[in-house]
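Observations on the three-dimensional arrangement
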Amino acid sequence: MPAELIDGNVIARSIRDEVALDVAKLVARGIQPGLAVVLVGDDPASEVYVRNKGRACDEAGMHSVTINMPATTTQQELLAQVKHLNDDPAIHGILVQMPLPKHLDADVVIRSILPAKDVDGFHPVNVGKNLIGDRDGFVPCTPAGVQEMLARSGTVTKGKECVIVGRSNIVGKPMMALMVQNGANANATVTVCHSATRDLKEHTLRADILIVAAGKPKMVTGDMVRKGAVVIDVGINRIEDPSTKSGFRLVGDVDFASARERASKITPVPGGVGPMTIAMLLKNTVRAAEQSAGR
Ligand code: NDP
């Protein structure tokens, strides 16, 4: 029997509805959660993401500002902008859209954001809190969204073999830190695979929960999936497809058709992890506002 779908659109919708209720409660106390997104340059994909983030904030009743800076922005100018937002009491969350133009140092910029406003969860203070299991910090939105999808799809994680393909700082590593904690929706035995892993299939075939974030279209095929596994496909890849109007389509890092025949539950692409990222960003921003107000 083909796997059941874990529908990211449905789960993200419920999270965004919950966020809107939390926003209303805060607004009643005189606090409107505010998110600032800084976009440097004119990367079209980033512009779309940023626009969607702004719309999602508006829909949830949050305050949102987008700061567009030219591609020629200097490091000093960007740091001054971040400082201005750090000091602005109407802004509870700050996100600097990546990737930045090459002449800017992303690490320095990330470190300049106040950890209490770092709703992307990339500041070393938040990275450290995630690793030690301190839930007061902010967890990067994509892995946080994956954990939420596992929880809301009723997937048991305790004692399970969780194999993550990919070790990036934005997905693989924080995902590992989340799943290994001795707590709810975690407590798994975690393996992290990467490009130097000797026999990837040997690992993926052990996985009760297989999370793939490798950035390689359809890399994980059905024969690499253990029967009955829960498969979460983080990948978003644009591949050419002359049969579509646009000439391309989006696929994940998992070969959906063959993996679906082996898995018990699976996320589609699009409509899987993708919509969760913005939902978790809103959730983090509301929490930042609550924390700033002493809850
Ligand atoms: P990165 O390119 O930063 O990292 C990819 C990781 O996969 C690396 O650790 C790399 O190993 C590993 N990898 C690559 N090829 C193989 C292989 N053949 N075998 C084993 N491991 C391999 O990507 P990201 O983590 O940023 O993103 C991953 C995917 O998730 C992309 O498709 C991206 O578009 C998508 N994404 C989706 C989001 C969403 O909202 N749904 C948000 C963020 C990302 P090594 O470290 O050795 O190079």
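Residues numbered from 1 in each chain as written. Predicted model: local features only at pLDDT ≥ 70, side-chain atom pairs only at ≥ 80, totals over all residues. Heavy atoms only, no water.

This paragraph deals with the pattern of salt bridges. Oppositely charged side chains may form a pair once their charged atoms are brought near each other. Counted according to the given criterion, the structure contains eleven salt bridges. A salt bridge links Asp17 to Arg13, with the shortest nitrogen-to-oxygen separation between them at 3.0 Å. Here the residue Asp17 and the residue Arg13 both occupy positions in helix H1 (residues 8-28), the gap between them amounting to four residues, near one helical turn. A single network of salt bridges, built from pairs that share partners, joins Arg13, Arg16, Asp17 and Glu59. (Salt bridge = Lys/Arg side-chain N within 4 Å of Asp/Glu carboxyl O. Helix = DSSP H or I, 4+ residues; strand = E, 2+ residues; numbered from the N terminus.)

Size it by volume and the largest pocket reaches roughly 1400 Å³. Tyr49, Thr142, Ile236, Gly274 and Thr277 are the residues nearest the centre of the largest pocket, which is lined by 47 residues in total. Sort the elements by how many residues they give to the lining of the largest pocket and helix H2 (residues 44-59) lands first, with eight residues. Split by domain, the residues of the lining of the largest pocket number at least three in each of domain 1 (31-114) and domain 2 (141-275). The volume enclosed by the second largest pocket comes to roughly 390 Å³. Shared between two domains, the lining of the second largest pocket holds at least three residues of each, these being domain 1 (31-114) and domain 2 (141-275). (1 Å grid on protein atoms, 1.4 Å probe; cavity = no way out; pocket = protein on both sides within 12 Å on 5 of 7 lines; lining within 4 Å. Points joined across faces, edges and corners; volume = space filled by probe spheres on them. Domains from an automatic or database assignment.)

Let us now look at helix H10 (residues 274-292). Helix length check: H10 (19 residues) gives 28 Å between terminal C-alpha atoms against 27 Å at 1.5 Å per residue, within 8%. Burial in H10 covers these residues: Met276, Ile278, Ala279, Met280, Leu281, Leu282, Asn284, Thr285, Val286, Arg287, Ala288 and Ala289. Residues of H10 that are buried in the fold lie against H1, strand S2 (34-40), H2, strand S4 (93-96) and helix H6 (141-152). (Expected span 1.5 Å × (residues − 1). Buried < 20%, exposed > 50% of the residue type's maximum accessible area, 1.4 Å probe, protein only. Contact = heavy atoms within 4.5 Å.)

Moving on, we come to the site of the ligand. Taken together, 23 residues form the shell around the ligand, and within it Arg167, Ser168, Ser195, Lys216 and Thr277 come nearest. In the environment of the ligand, a nitrogen atom lies 3.1 Å from a nitrogen or oxygen atom belonging to the side chain of Lys216. At a separation of 3.1 Å, an oxygen atom of the ligand approaches a polar backbone atom of Ile236. In the complex, 70% of the free accessible area of the ligand, which totals 930 Å², lies under the protein chains. (Near = heavy atom within 4 Å. Polar contact = N/O pair within 3.5 Å; in protein donor to acceptor, adjacent residues only side chain to side chain. Areas by Shrake-Rupley, 256 points an atom, 1.4 Å probe, with all protein chains shown as cover.)

What follows deals with the packing of aromatic side chains. Per the counting criterion, the structure on display carries zero aromatic pairs. Sitting over the face of the ring of Phe248, Arg238 holds its NZ or CZ atom 3.5 Å from the ring centroid. (Phe/Tyr/Trp six-rings, centres within 6.5 Å; stacked < 30°, edge-to-face > 60°. Lys NZ or Arg CZ within 6 Å of the ring centre and 35° of its normal.)

To continue, consider H1. With 21 residues, H1 extends 30 Å between its outermost C-alpha atoms, agreeing within 8% with the 30 Å of an ideal straight helix rising 1.5 Å per residue. Along H1, the residues classified as buried are Gly8, Ile11, Ala12, Ile15, Arg16, Val19, Val23 and Leu26. Mapping the buried residues of H1 onto a view down its axis gives an arc of 130°, with all of them on the same face. Turned more than 90 degrees from where H1 packs its buried face, Val10, Leu21, Lys25 and Ala28 sit exposed. At its buried positions, H1 is contacted by H2, H6 and H10. Sitting at the amino-terminal end of H1 is Asp7, which places a side-chain oxygen 2.9 Å from the backbone nitrogen of Asn9. (Arc of directions from axis to C-beta.)

This part is about unusual backbone geometry. Of note, the amide linkage connecting Met98 to Pro99 takes the cis form, showing an omega dihedral of 0°. The residue Pro99 is located in the loop between S4 and helix H4 (106-112) in this model. The residue after Val269, namely Pro270, is reached through a cis peptide bond having omega 0°. Following the sequence through the fold, Pro270 ends up in the loop between strand S11 (265-266) and H10. Although it is not a glycine, Asn187 sits at a positive phi angle of roughly 60°. Within the secondary structure, Asn187 sits in the loop between helix H7 (172-180) and strand S6 (189-193). In the Ramachandran plot, Lys218 falls in the positive-phi region, its phi being about 55° despite a non-glycine side chain. Structurally, Lys218 is set in the loop between strand S7 (209-212) and strand S8 (230-233).

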